[in-house]
Amino acid sequence: MIDVPTGSFASLPRILVIDDQWGSIYGGKRANQDRFTWCDERRILDETEDVRGHRKSDYVARAVFFRGQRPVTAKVGDIVVNDIQGTLDVVRGGWNCVAENRWACVFVDLEFLTGSVTKESSEIIPGMPVGCERDRTPEAYFGLDLIRAIRNEFPRLPIVILSSNEEHKDRIDEQYSRLGVREFIAKSAETPSIALKEFAGCLERNGLIPDPSGVIAGRSVSLLEVLKQARLVAWSRANVLIRGESGTGKEPLAQLILKISSNQVAGPQISQSCADFSDSLVESELFGHVKGAFTSAISDRKGLIEAANGGDLFLDELGTLSPTVQSKLLRVIESQAFTRVGDYKPIKVEVRFVAATNEPLEDLVREGDFRHDLLPRLNVVSLILPPLRDRLEDMPYLVKAIIKRLGDFETKIADMVP
Amino acid sequence: MNVEEWATIRGNLCHQWLANHYLQQLRYWVEKISNSPEDLCPEFEEDFMQFTLTQWVRKSRVAHWVVEKAHVELSPKSCFLDVPLARLPKEIREPLAGACEKLWLVRTAHLRELARKRVEEMDDAYERLICCLRDRPRPLDPKTATQCVPYAKDFLGSCAELKRTLEDLPRLAGTSWDMEMQADD
């Protein structure tokens, strides 16, 4: 199960759910039980205005529900109409606000029934209109209009399709993938545990669970985007180059990638800062050596690359590697083989490289200090961490994370004192 | 009644009501009384017993109607109302449409029979569950909940089967027809 911060609700990702049925407010004493069961099974804290009752402590997200239609509380005799402008106002309100209340994601339903609310249509689900055939065809879904409008005004806001129309999934995918929306979550699930797993998986895939360890703390959109890319690339075997200024969290991000991919790799995951290598031993450290290769080589020794065979090797401070070592590293990436220092037999390896640097590698390439052909091979996926000055809204989260870490450290010290 | 009306009523029953509302709440309630009756929110239980569970009484009639009238939507006879078959001379078109429909009704009878059986199974399961719940204390205490769980699960199973059958009804009829035509070829 995904470990998410609990205790402080403000730290939970806040999502907006636009759905005619669940966003409907019944009025009077009756609560919207469809919404209640959906939230309860997925451990979602419902923040919609009509909710009363007790709060639990094990939520994975907060949600506000909006009907996407007028009136929100419909009575018999009312005519329900779709409301793009009203919906955009709600989206806007939760986007131009403090970071902790900003929408982390919008879930959009597809079918929105319109028309008159009759006694019969409202009998089962209060405020539900009669609907018509037009509301039920994937090409004419109001959800498509909504997604287009939200995409247009908020291009960076993640959108997830919420639907019970699994039988039309192919047609829906065709319509919506053009708008960059590929995530589709079913409205109902066979069991609560499947429901929770699907929902939490969706949050994770969209980078909405910032970081279980709290090392990379923050809620800024730019950070969440990097975390989402990091999660996606962690599931692949592509080489990754992490870039960013000093102190932006490159190493924690690399550790997060290694942690996520740890379930899929057969070999070990090794981390090493290239700045720690001494000039004379760097080749031996990386590629290993055989006995007699140099004066102090008294026995055969595996290098880091061989030791990480079948797994991942994280190289921090990549820009400090000498051109000779860069050339050898290039050969390893190209041919998946290398030779130990002093040996001639090639050794086959399968290693995924994760590298990090704060240096402008393109400038180093121009100046001849970094191999032009190594850069694109390491840079298969490039993750650029934004500097803290561009995401000052993350400051409170960072401060909290640091205080927590210091608190843990002090507890450990206190434990050691007799 | 026209085809669109049938499709709208089927859509409202199967999608809007059964899949998005009734089945979801029923599944939640069964899960709670099966595994953790003490966690069941009393307000939810009261609302479920009073407003939700009993909805089947009214919807059963709609389900029976949808199944009985299914042939109007599915019958190949409707193809003769549209171009190009509609251009056939009346003296050919009408007997041909009638013959096609008769043949189709025979060949798809088992599908409509299955749907009818599913609705009746759900009626029976509902009756058994209501009998078990009658005169029981509310909210259900753990002992009562345990006694009702088999009936509740049975009803939930019937409900899920009915949803599947109603979803498959138009598709299965078409597939069956196509498959049998191919087999005859």
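The rules behind the values
Residues numbered from 1 in each chain as written. Chains lettered and ligands numbered in written order. Predicted model: local features only at pLDDT ≥ 70, side-chain atom pairs only at ≥ 80, totals over all residues. Helix = DSSP H or I, 4+ residues; strand = E, 2+ residues; numbered from the N terminus. Buried ≥ 20, exposed ≤ 12 C-beta atoms within 10 Å, placed from the backbone. Pairing = 2+ DSSP bridges. Contact = placed C-beta atoms within 7 Å. Nonpolar A, V, L, I, M, F, W, Y, C, P; charged D, E, K, R; others polar.

Visitor: Sorry if this is basic, but what is going on with unusual backbone geometry here?
Guide: For residues other than glycine, phi is negative in most cases, and the peptide bonds are mostly trans. Look at the link from R70(A) to P71(A): it is a cis peptide, with omega at -15°. Relative to the helices and strands, P71(A) is located in the loop between β4 (69–70) and β5 (79–82). Cis geometry is adopted by the peptide bond preceding P84(B), which originates at V83(B) and carries an omega value of 10°. Mapped onto the secondary structure, P84(B) falls in the loop between α4 (70–74) and α5 (90–107). Notably, R43(A) is not glycine yet its phi reads approximately 55°, a positive angle. Of note, R43(A) is situated in the loop between α1 (33–42) and β2 (44–46). Of note in the backbone geometry, D135(B) takes a positive phi value of approximately 60° without being a glycine. You can see D135(B) is positioned in the loop between α6 (109–133) and α7 (142–184).

Visitor: When you look at the pairing of strand β6 (residues 103–109) of chain A in this model, what are you seeing that I'm missing?
Guide: Note on strand geometry: in a regular strand, side chains alternate between the two faces of the sheet. All names here are of chain A. A large share of β6 lies buried, amounting to seven of its seven residues. Here strand β1 (residues 14–18) pairs with β6 via five bridges, running parallel. The residue of β6 that forms the bridge with R14 is W103. Where β6 lies against strand β8 (residues 159–163), four bridges are found, and the strand directions are parallel. Residue F107 lies in a different strand from β8, and its bridge partner there is V160.

Visitor: Honestly, the pairing of β8(A) in this entry has me stumped. Any pointers?
Guide: Residue and element names in this part refer to chain A. The buried fraction of β8 is high, at five of five residues. Residues I159, I161 and S163 of β8 are buried on one face, and the alternating residues V160 and L162, pointing to the opposite face, are buried as well. Summarising the sheet, β8 and strand β9 (residues 184–186) pair through three bridges and their orientation is parallel. From the neighbouring strand, S163 faces β9, where its bridge partner is A186.

Visitor: Looking at this model, I keep getting lost on the interface of chain A and chain B. Mind explaining?
Guide: Interfaces are often described in size by the accessible area the parts lose on coming together. At the interface, 18 residues of chain A touch 22 residues of chain B. With five residues, α1(A) is the largest single contributor of residues to the side of chain A that touches chain B. Each residue belonging to the side of chain A that touches chain B can be placed in one class, and the counts come to five nonpolar, six polar and seven charged.

All quantities given are derived from atomic positions and should not be read as evidence of function.
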